[in-house]
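Chains, contacts and geometry: an overview
Here is how the chains run, residue by residue.
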Amino acid sequence: MASSEAKNMVKLPPVEFIDDVDKYMKDKKPDEVLGQLQEKFQTFKLLESRLLQSRARMLGKVPHIEKAIEMVMLLVEKESSSEQITVDFELSDHVYTKATINKGTQNVYLWLGANVMVEYSLEEAKGLLEQNKINANQNIANHEKDLNFVRDSITTLEVSMARVYNWDVMQRASAKGGSK
Amino acid sequence: MPSAPNAPQVTKEDQDQINAFGRLNNHYHEIQGKIKAKKKYSEDLEDASNELMLADGDIVKYSYGFVFVHMSEDTAEEKLTAAQEEVDQDITALEGELQDIRKNMDGLKTTLYSKFGNTINLEEE
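Looking at an unreviewed UniProt entry, one finds chain B named Prefoldin subunit 4, with Chloropicon primus as its source organism. The UniProt entry for chain B carries this comment under Function (unreviewed entry): "Binds specifically to cytosolic chaperonin (c-CPN) and transfers target proteins to it. Binds to nascent polypeptide chain and promotes folding in an environment in which there are many competing pathways for nonnative proteins."

Looking up chain A in an unreviewed UniProt entry gives the name Prefoldin subunit 3, with the organism given as Chloropicon primus. Here chain A is described in UniProt, under the heading Sequence similarities (unreviewed entry), as follows: "Belongs to the prefoldin subunit alpha family." Quoted verbatim from the Function (unreviewed entry) field of UniProt, the annotation for chain A is "Binds specifically to cytosolic chaperonin (c-CPN) and transfers target proteins to it. Binds to nascent polypeptide chain and promotes folding in an environment in which there are many competing pathways for nonnative proteins."

1. Points about the overall build of chain B
When helices and strands are tallied, chain B shows 2 helices and 2 strands. Along chain B, from the amino end to the carboxyl end, the secondary structure elements read α-β-β-α. Against the globule reference of 14 Å for 125 residues, chain B gives a C-alpha radius of gyration of 24 Å, more extended than a compact globule. Projected onto the principal axes, the alpha-carbon positions of chain B cover approximately 75 × 25 × 25 Å. Each of the 125 residues in chain B was classed as buried or not, and the buried ones make up 8%. Long-range pairs, those at least 24 residues apart, make up 69% of the contacts in chain B with a sequence separation of at least 6.

2. Overview of the interface of chain A and chain B
Think of interface size as the accessible area that goes away when the parts come together; that is how it is often given. At the junction of the two partners, chain A supplies 24 residues and chain B supplies 20 residues. At the level of secondary structure, the elements contributing two or more residues to the side of chain A that touches chain B comprise helix H2 (30–80), strand S1 (85–92) and helix H3 (122–179) of chain A. Of the residues forming the side of chain A that touches chain B, the biggest block, 11 residues, is contributed by H3(A). A breakdown of the residues in the side of chain A that touches chain B according to their chemical character gives 11 nonpolar, 5 polar and 8 charged.

3. Points about the environment of A:Asn166
All names here are of chain A. Within the secondary structure layout, Asn166 lies in helix H3. According to the C-beta neighbour criterion, Asn166 is partly exposed, with 18 such atoms within 10 Å. Sequence separation between Asn166 and His64 is 102 residues; the distance between their C-alpha atoms is 50 Å.

4. A word on the sheet that holds strand S2 (residues 67–71) of chain B
Pairing within the open sheet is antiparallel, and its 4 strands lie in the order S2(A)-S1(A)-S2(B)-S1(B). Both outer strands of the open sheet, strand S2 (95–101) of chain A together with strand S1 (60–64) of chain B, are each paired with one neighbouring strand and no more. For this sheet, the mean angle separating the axes of adjacent strands, direction not counted, is 30°. Two elements, S1(A) and S2(A), share 7 bridges in a ladder whose sense is antiparallel.

5. So, the environment of B:Glu51
With respect to the helices and strands, B:Glu51 occurs in helix H1 (residues 12–54). Separated by 43 residues in sequence, B:Glu51 and B:Pro8 have C-alpha atoms that sit 62 Å apart.

6. Some thoughts on the UniProt feature "coiled-coil region" (unreviewed entry) in chain B
The sites that UniProt annotates as "coiled-coil region" (unreviewed entry) are residues 84–111 of chain B. Counted over residues 84–111 of chain B, helix gives 100% and strand 0%. Its end C-alpha atoms are 41 Å apart.

7. Topic: the environment of A:Lys145
Residues and elements named next belong to chain A. Here Lys145 is to be found in helix H3. Residue Lys145 is classed as partly exposed on the basis of its 13 C-beta neighbours within 10 Å. Along the backbone, Lys145 and Leu34 are 111 residues apart, and their C-alpha atoms lie at a distance of 28 Å.

8. A word on the packing of H1(B) against helix H2 (residues 73–116) of chain B
Residue and element names in this part refer to chain B. It is at 8 Å that the axes of H1 and H2 come closest, and there the two elements cross at 160°. By the angle class used here, H1 and H2 are roughly antiparallel. In the crossing of H1 with H2, the sense of the turn from one axis to the other is left-handed. When its residues are assigned to classes, the contact of H1 with H2 shows 22 nonpolar, 9 polar and 12 charged.

9. With respect to the nonpolar core
All names here are of chain A. Val15, Val33, Leu37, Phe44, Leu47, Val150, Ile154, Leu157 and Val164 together form the largest nonpolar core, which totals 9 residues. When residues no more than four places from it in sequence are discounted, the contact partners of Leu37 are Leu157, Ser160, Met161 and Val164. Formed by 7 residues, the second largest nonpolar core is a distinct cluster that contains Ile65, Ala68, Val72 and Val108.

10. Some points on the pairing of S1(B)
All names here are of chain B. As paired elements, S1 and S2 share 5 bridges and run antiparallel to each other. Bridge pairing links Tyr64 to Val67 in S2. Between S1 and S2, which pair antiparallel in sequence order, lie 2 residues; one of them, Gly65, sits at a positive phi of approximately 60°.

About the criteria used
- Residues numbered from 1 in each chain as written.
- Chains lettered and ligands numbered in written order.
- Predicted model: local features only at pLDDT ≥ 70, side-chain atom pairs only at ≥ 80, totals over all residues.
- UniProt positions renumbered as here; feature names shortened; annotations may be inferred.
- Helix = DSSP H or I, 4+ residues; strand = E, 2+ residues; numbered from the N terminus.
- Rg over C-alpha atoms; globule rule 2.2 N^0.38 Å.
- Buried ≥ 20, exposed ≤ 12 C-beta atoms within 10 Å, placed from the backbone.
- Contact = placed C-beta atoms within 7 Å.
- Nonpolar A, V, L, I, M, F, W, Y, C, P; charged D, E, K, R; others polar.
- Pairing = 2+ DSSP bridges.
- Axes fitted to C-alpha atoms, helices over the stretch in contact; angles between N-to-C directions.
- Parallel < 35°, antiparallel > 145°, perpendicular 65-115°, else oblique.
- Left-handed = near helix turned anticlockwise from the far one by under 90°.
- Core = buried A, V, L, I, M, F, W, Y, C linked by C-beta atoms within 7 Å.

And the structure:
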């Protein structure tokens, strides 16, 4: 469950804003410029969908961690009361059986991945899980930062494409008007 | 795409505002999705509470993490109420956030529309 995913996936340079289309388009072919913009646009779109996917994956993880925390909390609670708890737990899909957890259960086993389970005391387990949750949320926040950057780039590119396109149309219109 | 002959020039500032608007719009939809999910959960909890009232005072099994925990009806009732309160608070917070975003979006809309008129479209499709 230990997650240390890449902090910043975005290594693309920021999209430059076109200050003055007239100046920018000097000695350039509109079709080529539009093609380049389109290409960049595709790259960023791809990146966006990748970021969205990995964010969705991480968002899906958080409830699992929360469930685990809930369970550990229940065990901690039980330690301070005198009752034992009875639970139905899943043996296999749709097969449940009953189990009782006695007071004095101090340890839980956390699944760390890679077929490894490690025994922790309740407090340690709680700490670890909570740290995991914080890490996961931190990761999501980082992704959101990246997503914002990528989305700004996409919007800027969209606007740039529209402006270059309009510039071209106007160029043609005035050329036509001039030749008449 | 009709060309507007005297469309105003787009400045860096305008671009930044358009970007900001885009972000807010995305964020807006995400929060709407969250609220929807939370409301569903809140309704489920309410259903559970109602069912619990009809129960006959026996042990109930409360879904907890990955298992069902046996507990008395009263304890279950308490847990449900606590969960309900939490999720309702979350919803209120999210709705507040949604309103703030809406306000910001409306502000940007006014600015951008006043400059670009009908050469810009900021409405949902």
